[in-house]
Amino acid sequence: MAPILLNSMATVTDLSQSEFIIHEPPLVTDQVHVMNPHLETMKEDILYHFNLGTNTHNLPEMFGDIKFVCVGGSANRMKSFAQFIHQELALSGNIDDITDICEGTDRYSMYKVGPILSISHGMGVPSISIMLHELIKLLHHAHCHNVVLFRIGTSGGVGLAPGTVVVTDKAVDCFFRPQFDQVVLGKVIIRSTELDEGIFKELLQCSSELDNCPTVIGNTMCTHDFYEGQGRLDGALCSFTTEDKMEYLRKAYNTGVRNIEMESTVFAALCRACGLKAAVVCVTLLNRFDGDQISTPHDVLVEYQQRPQVLVAHLIKKRLGLII
Ligand SMILES: O=P(O)(O)O[C@H]1O[C@H](CO)[C@@H](O)[C@H]1O
Ligand SMILES: O=c1cc[nH]c(=O)[nH]1
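This is a predicted model, so every value here is computed, not measured.

Chemist: Give me helix 6 (residues 264-273): which residues, what numbers.
Modeler: Counting buried positions over the 10 residues of helix 6 gives nine, a clear majority of the element. Just downstream of helix 6, G275 is the residue with a positive phi angle, here 75 degrees.

What follows is the structure, encoded as structure tokens:
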């Protein structure tokens, strides 16, 4: 059956017309678009996994000034990013006083430093997807505008030296398609994963102003698994040969894929569908043509993980007029 186009305000009845529905996003504007008419009828919205809510918290007062949101898998990374950006912006106060806004739940951690929100999202599409639904509603309830989102993460490199930062051009699925498929009421909704060209070019320019931050623009493949799903030979299961793996990686490389991680497609799709500008900035921990195990010493991995943070912090400081 041919795909049909679904605009953002289509009703559920439209879903019965096709197995495959391509979701048309709104134009990116300065507003956060929540694409859900049901929200307007709710007396209260409980952001359960953040332990926040519209009746229990003054979201505009708490978050109304947010301009940048940085997300990454690990709670510790996002805490250190909050402390790092606090120092970079030379804000007053002690970095040890930056507390987890979501401390009432252990699902995600959230830190606010001036106009920057730093949030952990766990591993994989379902985990970041839940976080993003609540984050986008939070930004909406807080009346935020002109917000840019960054995923600052780690990845496996495809034909790149370990430690290279990849700024994502297109987030692609494991068939190398720039799309995210969401099953809704038993039907597949296809959403575009195109990212904002302006921001990834700005990030590339920022990288050229930094020492020790080798950066390329490339496609990022998002998988639903770290082991077999990323063509690793070292999982508890493996159903393919070394040659099969190499052929898949070569195919990926030839379509423009330069790194592999586990959240970029849904991140790009949800941000785009809600009119938010976004960028994916992930460092490579290894070159997958050379192996599967991450055997790099811990201190080197820590330094690699800081590269996306340094790059995004540089862009934020430029945008805030703190450096020219
Ligand atoms: O570095 P983070 O953000 O955790 O992301 C990457 O690392 C995890 C796998 O180790 C996956 O979630 C992958 O996307
Ligand atoms: O190979 C890697 C490394 C980090 N994260 C991934 O998803 N894959």
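Having seen the model, we can carry on.
Chemist: Which residues make up the pairing of strand 7 (residues 116-120), and what are the values?
Modeler: Most of strand 7 is tucked away, with five of its five residues classed as buried. Looking at chain direction, strand 5 (residues 68-72) and strand 7 are connected through five bridges and run parallel. Within strand 7, the residue paired with V69 across the bridge is L117. Sheet analysis places strand 6 (residues 110-113) next to strand 7, joined by four bridges and oriented antiparallel. If you follow K112 over to strand 7, its bridge partner there is L117. Hairpin connection between strand 6 and strand 7: a loop of two residues separates the two successive antiparallel strands, and G114 in this loop has a positive phi of roughly 55 degrees.

Chemist: Which residues make up the site of ligand 2, and what values do they have?
Modeler: Around ligand 2 sit T154, S155, G156, F226, Q230, R232, I260, E261, M262, L286 and I294, and that is every residue in its neighbourhood. Here an oxygen atom of ligand 2 sits 3.4 Å away from a polar atom, N or O, in the main chain of G156. One nitrogen or oxygen atom from the side chain of R232 is found 2.7 Å from an oxygen atom belonging to ligand 2. Protein chains bury 93% of the 240 Å² of accessible surface belonging to ligand 2 in isolation. For the shell around ligand 2, the secondary structure elements donating two or more residues are strand 8 (148-157) and strand 13 (257-261). Here the shell around ligand 2 is built from residues that sort into five nonpolar, four polar and two charged.

Chemist: Describe the pattern of salt bridges, and please don't skip the residues or the numbers.
Modeler: Taken as a whole and assessed by the stated rule, the structure comprises 14 salt bridges. Across the pair K137 and D45 runs a salt bridge, and its minimum N-O distance is 3.0 Å. In this pair, K137 sits in helix 3 (residues 125-141) while D45 sits in the loop between strand 2 (20-23) and strand 3 (46-47), placing the two residues 92 residues apart along the sequence. For the residue pair K137 and D45, the accessibility class agrees, reading buried in each case. For R307, the salt bridge is made with E303, and the minimal N-O distance between the two is 2.9 Å. Taken together, the residues span about one helical turn, with R307 and E303 both in helix 7 (residues 298-319) at a distance of four residues.

Chemist: Residue-level account of the site of ligand 1, with values.
Modeler: Taken together, 13 residues are adjacent to ligand 1, and R77, R151, T154, M262 and E263 come closest. Between ligand 1 and T154 there is a distance of 2.5 Å, counted from an oxygen atom to a side-chain nitrogen or oxygen. E263 is positioned such that a nitrogen or oxygen atom in its side chain is 2.5 Å from an oxygen atom of ligand 1. Sort the elements by how many residues they give to the shell around ligand 1 and strand 8 lands first, with three residues. Classifying every residue of the shell around ligand 1 gives three nonpolar, six polar and four charged.

Calculation criteria
Residues numbered from 1 in each chain as written. Chains lettered and ligands numbered in written order. Predicted model: local features only at pLDDT ≥ 70, side-chain atom pairs only at ≥ 80, totals over all residues. Heavy atoms only, no water. Buried < 20%, exposed > 50% of the residue type's maximum accessible area, 1.4 Å probe, protein only. Helix = DSSP H or I, 4+ residues; strand = E, 2+ residues; numbered from the N terminus. Pairing = 2+ DSSP bridges. Near = heavy atom within 4 Å. Polar contact = N/O pair within 3.5 Å; in protein donor to acceptor, adjacent residues only side chain to side chain. Areas by Shrake-Rupley, 256 points an atom, 1.4 Å probe, with all protein chains shown as cover. Nonpolar A, V, L, I, M, F, W, Y, C, P; charged D, E, K, R; others polar. Salt bridge = Lys/Arg side-chain N within 4 Å of Asp/Glu carboxyl O.

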